[in-house]
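Breakdown of the fold
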Number of protein chains: 2
Amino acid sequence: MSTKDESTRDDAVAYPLLAAATGATPSRRPVWFMRQAGRSLPEYRKVREGIGMLQSCFRPDLVCEITLQPVRRHRTDAAILFSDIVVPLKAAGIDLDIVSGIGPVIEQPVRDAAAVAAMPELDPEQVAPVAEAVRMLRGELPAGVALIGFSGAPFTLASYLVEGGPSRNHERTKALMYSDPDTWNALLGKLGDIAITFLRAQAEAGAQAFQLFDSWAGALSLADYRTYVQPHSERVFAALRESAPALPAFHFGVGTGELLGAMGEAGADVVGVDWRTPLDVAVGRVGPGRALQGNLDPAVLMADRGTVEAQVRRVVAEGDAAVAAGATGHVFNLGHGVLPATDPDVLTRVVDLVHEL
Amino acid sequence: MSTKDESTRDDAVAYPLLAAATGATPSRRPVWFMRQAGRSLPEYRKVREGIGMLQSCFRPDLVCEITLQPVRRHRTDAAILFSDIVVPLKAAGIDLDIVSGIGPVIEQPVRDAAAVAAMPELDPEQVAPVAEAVRMLRGELPAGVALIGFSGAPFTLASYLVEGGPSRNHERTKALMYSDPDTWNALLGKLGDIAITFLRAQAEAGAQAFQLFDSWAGALSLADYRTYVQPHSERVFAALRESAPALPAFHFGVGTGELLGAMGEAGADVVGVDWRTPLDVAVGRVGPGRALQGNLDPAVLMADRGTVEAQVRRVVAEGDAAVAAGATGHVFNLGHGVLPATDPDVLTRVVDLVHEL
């Protein structure tokens, strides 16, 4: 344990992201952007030419290059592993594809006990290319830039599997959840196992933190989140704390203003906040003892320079207010992923401004 | 004034919805469902066969019949005028259509000062078929069932016009809002005028309450809502209070947990709450002196009978707690519109249960 504690402390000094995430004092306010590696960058569109999304997620050289692109360009304090939420499902052998303009499409949606029983497990060997990319990245990343691993959370993975793809209302998912809790819990248990295996593989290969994305949890009421979802996310965080205690755990979902406290309690060190809830309000819901991440509206980046600057300053001020109110740190980020139409120069200017303030 | 006050008081006695909305004591807890008139009903699908959505909204006989269908079937305490959010825009002469599977499609999106200047006004004559439907409905509705009029709010109408149709991120809308506040305010001013004219036509024809739907306002942070949107919604409420003071004003948008206080302050007598925010939490944000409406998750209606009943009981209990905490009433509703796949018998059972509790 003591070596692990020391490695955390050393890392916290060297990496602003890890410092802010663990209650230490960062040398500067860390900033990164969800979906920073992706379609907003011309160099990304170039290397992806003719290569399918899923295909690219299993090529270590491409994952490494794409993950590095925004770090080179924007000088962010973290790299987020380039991947997709369905990558561990694909790796485990579930028949799915990512269709341009739609998103993930599951060949055989999982909607009953038999389908859940038939779901494969994930063998770490099946995500070896991702682990290889993580190892490459640790050799390539500039000093002080932390590598964040990534997995979808059980609920969000379940929504894709049950609906068969992206969904506006998640109604089949909720119908299964309400009507057949045993099957539901079996499904989320299996998906929790997959997330654990996927995150452990990344941690063992050198990821320095991880974010569990529960992208669609915000579709749930607080009561339903606590009953049907939180225990499964909690198990993922507990398993990672057991096997990789030095890695700070980030947790985020869009539209989760009412769930922030429960998502923190699930085991997150850093709770991501979407742009709808001001950080100085969020701290009251999360409670003291955890850091906050966020939360500039990604659409603000489409605005003029003066508006972007004013809104960045507002978020930084609210982050400071949150820290004064008991949050253990503030990681600057957007309140959701980078929109594909974003001008990358605007992102670079945001990074510079956050570092200046 | 005194006649108006008396008519309000008399109506409040005779109509549970109006009583709950105006701080009087309803004879029973009123219940209706957003989008209760529509695709969940086989009798709706039958009368709409071969008739386009917009076409049906301008045929008084059809509007009347479709508005009555859920009242007959479910015995709700209110009828919501069957219409669409873009109806007043279409009536004013804006070139648009409702495309099945997509939603409204605007032929020429409105994205600059010239396009805003060229926007037509709405003449009350252009919505005469809607007013005619309202008059027919007042003759047909059963005793005690109130007729709620309906308009889109300026922000939500603007999002359709600027984006050219439904949008996930509203990024063009926000870009215009941030970058060119003069054009933005001119646009929302014109849309406010259209909403006022549309609602006044309904009020004069006999609507007994109205709901201003700001469906997409929940995409905004509180700070942006207050700066760019609230003044325009406020003007609509003020104009209706001036010309139709007896009509309680309802206001709703999905995902507006952080905006509930500001939406009440805009001038709503009844603040609609989506299912994410428990009513006994919502009352703290709205403050005392207004009624609340909501907020069963529409997806719950896909669940088994026991789950539906338990969740209805929870919402009713939270509504009671909200009233105990200062809300002036509780109107039972869903936290969003009825999903098309909903079994109508489940809706009928919900009405019965709410009336029993």
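Chains are numbered independently. Their residues run from 1 in the order of the written sequence. Just so you know, chain letters begin at A and ligand numbers begin at 1, following the order they were written in. In keeping with the predicted nature of the model, local features appear solely for residues at pLDDT of at least 70, side-chain atom pairs appear and are counted solely at 80 or more, and the whole-chain, interface and lining totals rest on all residues. Computation of side-chain values: all heavy atoms of the structure, hydrogens and water removed.

Some details on the UniProt feature "domain: Uroporphyrinogen decarboxylase (URO-D)" (unreviewed entry) in chain A
Residues and elements named next belong to chain A. In the UniProt entry, the feature "domain: Uroporphyrinogen decarboxylase (URO-D)" (unreviewed entry) is given for residues 30-39 and 148-164. By definition, any uninterrupted DSSP run of H or I lasting at least four residues is a helix, any uninterrupted run of E lasting at least two residues is a strand, and each is numbered from the N terminus. As a span, residues 30-39 carries 0% helix and 0% strand, and end to end its C-alpha atoms are 23 Å apart. From the first C-alpha to the last, residues 148-164 spans 28 Å; its make-up is 59% helix and 29% strand. UniProt positions are given in the numbering used here, feature names are shortened, and annotations may be inferred rather than shown by experiment.

Describing the pairing of strand β9 (residues 330-334) of chain A
Every regular strand shows the same layout, with side chains that alternate between the two sheet faces. Residues and elements named next belong to chain A. Only protein chains enter the accessibility calculation, which uses a 1.4 Å probe. A residue is then buried if its area is under 20% of the maximum for its type, exposed if over 50%, and partly exposed in between. The buried fraction of β9 is high, at five of five residues. Side chains of β9 alternate between two faces, with His-330, Phe-332 and Leu-334 and Val-331 and Asn-333 buried alike. Whether two strands pair depends on DSSP finding at least two bridges between them. Here strand β8 (residues 291-296) runs beside β9; their pairing, made up of five bridges, is parallel. Across the sheet, residue Gln-293 finds its bridge partner in β9, namely Val-331. A right-handed crossover is one whose linking path, passing over the helix from the first strand to the second, runs clockwise when the strands point away from the viewer. As for the winding sense of the linkage, the β-α-β connection from β8 through helix α15 (residues 305-324) to β9 is right-handed.

Re the relation of the copies chain A and chain B
For these two chains of identical sequence, chain A goes onto chain B by a turn of 180 degrees and a shift of 0.0 Å along the axis, with RMSD 0.0 Å. Given the turn and translation reported, the copies of this chain are related as if by a two-fold rotation axis. Whether two residues touch is decided by their heavy atoms; if any such pair falls within 4.5 Å, the residues are in contact. When you check the interface residues of chain A against chain B, 100% turn up at the interface there too, and the contact is symmetric in its surfaces. Alignment of copies: least-squares fit on C-alpha atoms of residues with pLDDT of at least 70 in both copies.

Some thoughts on the sheet that holds strand β9 (residues 330-334) of chain B
Residue and element names in this part refer to chain B. Spatially, the seven strands line up as an open sheet ordered β1-β4-β5-β6-β7-β8-β9, and their pairing is parallel. The sheet terminates laterally at β1 (78-80) and β9, the two strands that pair on one side only. Along the sheet, successive strands turn relative to each other by an average axial angle of 25 degrees, direction set aside. Angles here are taken between N-to-C directions and fall from 0 to 180 degrees, while the axes themselves are lines fitted to C-alpha atoms, restricted in helices to the stretch in contact. Each of β7 (270-272), β8 (291-296) and β9 touches helix α14 (residues 279-286); the most contacted strand, β8, lies at about 145 degrees to it.

Observations concerning helix α12 (residues 222-243) of chain B
Note that an α-helix has 3.6 residues per turn; residues three or four places apart therefore point the same way. Residue and element names in this part refer to chain B. Take the residue count of a helix, subtract one, and multiply by 1.5 Å to get its expected span. Taking 1.5 Å per residue as the helical rise, α12 with its 22 residues ought to reach 32 Å, and the 29 Å between its terminal C-alpha atoms agrees with that figure. Bend at a given residue is defined as the angle between two axes, one fitted to the seven residues that end at that position and one fitted to the seven that begin there. For α12, the principal kink sits at Val-229 and spans about 55 degrees; a proline, Pro-231, occurs within the next four residues. Those residues of α12 not exposed but buried are Asp-224, Tyr-225, Tyr-228, Val-229, Gln-230, His-232, Ser-233, Val-236, Phe-237, Ala-239 and Leu-240.

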